[in-house]
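# Survey of secondary and tertiary structure
So you can see what is in the structure, the chains are spelled out below.
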Amino acid sequence: MPVDYTVHPDLNIVLVLFHGLVRSEENIEAFLDYQQHPDFDGLQNVLMDLAHCRFPDNFFVEMRALAERLRPYYQTRDPRSRTSIYAPGDVAYGVSRLYRSRVNPDAPYPIGVFRTAEAALDFADLDPRSPEVRGLLRPASVQGRVAP
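An account of the accompanying structure is given in this report.

### Some words on empty space enclosed by the protein
Picture a little ball the size of a water molecule; that probe, rolled over the atoms, points out where space is still empty. Within the structure shown, the criterion is met by two cavities of 30 Å³ or more. Roughly 60 Å³ of volume is contained in the largest cavity. Forming the boundary of the largest cavity are F18, N27, M48, L50, F55, F59, I85, V95, S96 and Y99. Mapped by element, the contributors of at least two residues to the lining of the largest cavity are β3 (45-54) and α4 (90-103). At three residues, the largest contribution of residues to the lining of the largest cavity is made by α4. When grouped by side-chain class, the residues that make up the lining of the largest cavity number eight nonpolar, two polar and no charged.

This is how it looks when you write it as structure tokens:
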């Protein structure tokens, strides 16, 4: 699946990795599945890694449906939680900023979009220098290698 997640209760984070071609439906499925996960906690921060993915041409059109279908998920999140999006590439960064502008009116929590791993980790209340969080995000230097 092009959207995978791992819950790290000890770090108060769910790490969501995007890879290959990511469609809106796969994005929706992953977050709704996470909402049903036994370790789901509305206070957990979400750290999304978009360094190694691409989006179909119609993804911008699908953005409204994505925001609408994920509304129940957004409402389960605590306003003190955060979503941090690591999007070092131009397209991923642009898509992420559009996502934030479409979702922010419905999301009770702040959403940050960052080009550097350090800034994304910091926004998610993780210390980028900590050995526990080092390696959570994939380096952008290989972002051109995207699976079909």
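### Side note on α4
The terminal C-alpha atoms of α4, which comprises 14 residues, lie 20 Å apart, in line with the 20 Å expected from a rise of 1.5 Å per residue. Those residues of α4 lying buried are A92, V95, S96, Y99 and V103. Viewed along the axis of α4, the buried residues span an arc of 100°, placing them on a single side of the element. Considering only its buried residues, α4 is in contact with β3, α2 (59-69), α3 (71-76), β4 (83-86) and β5 (111-114).

### A look at the packing of aromatic side chains
Between two aromatic rings, the relevant description is the distance of the centres plus the angle of the planes. Tallied over the entire structure, the rule returns seven aromatic pairs. An angle of 50° between the planes, with centres 5.3 Å apart, marks the rings of F31 and Y73 as tilted. In this pair, F31 is assigned in helix α1 (residues 24-36) and Y73 in helix α3, connecting sequence segments 42 residues apart. In this structure F31 comes out as buried when scored by relative accessible area, which is 4%. Owing to a relative accessible area of 1%, Y73 belongs among the buried residues under this scheme. Ring plane angle 50° and centroid distance 5.2 Å describe the contact between F114 and F123, whose orientation is recorded as tilted. The buried category is assigned to F123, whose relative accessible area is 17%. Chaining the aromatic ring pairs together yields one cluster made of Y5, F31, Y34, F40, Y73 and Y74. One cation-aromatic arrangement involves R77 over Y109; the distance from NZ or CZ to the ring centre is 3.9 Å.

Scoring rules and cut-offs
Every chain is numbered independently, its residues counted from 1 as its sequence is written. A pLDDT threshold of at least 70 governs which residues receive local features in this predicted model, and a stricter bar of 80 or more applies before side-chain atom pairs are shown or counted, although totals over entire chains, interfaces and linings include all residues. Excluding hydrogens and water, the side-chain figures rest on all heavy atoms present in the structure. Using a 1 Å grid laid over the protein atoms alone, points where a 1.4 Å probe fits but cannot get out form a cavity; open sets with protein on both sides within 12 Å along at least 5 of 7 lines form a pocket; any residue with an atom within 4 Å of a point counts as lining. Grid points are joined across faces, edges and corners, and a volume is the space filled by probe spheres set on the points. Each helix is a run of DSSP H or I of at least 4 residues and each strand a run of E of at least 2, with the numbering of both proceeding from the N terminus. We call Asp, Glu, Lys and Arg charged. Ala, Val, Leu, Ile, Met, Phe, Trp, Tyr, Cys and Pro are nonpolar, and the rest, Gly among them, are polar. Expected span of a helix: the number of residues minus one, times 1.5 Å. Burial classes: relative accessible area under 20% of the type maximum marks a residue as buried, over 50% as exposed, and values in between as partly exposed (1.4 Å probe, protein chains only). This arc is taken over the directions from the axis of the helix to the C-beta atoms. Contact between two residues is taken to exist if any of their heavy atoms lie within 4.5 Å; hydrogens are not considered. Planes of paired rings set the category: under 30 degrees apart is stacked, over 60 is edge-to-face and the rest tilted, where pairs are Phe, Tyr or Trp rings (Trp by its six-membered ring) whose centres lie within 6.5 Å. Both a distance and an angle decide whether a charge sits over a ring: NZ of Lys or CZ of Arg must be within 6 Å of the ring centre and within 35 degrees of the ring normal.

None of this, on its own, says anything about what the molecule does.
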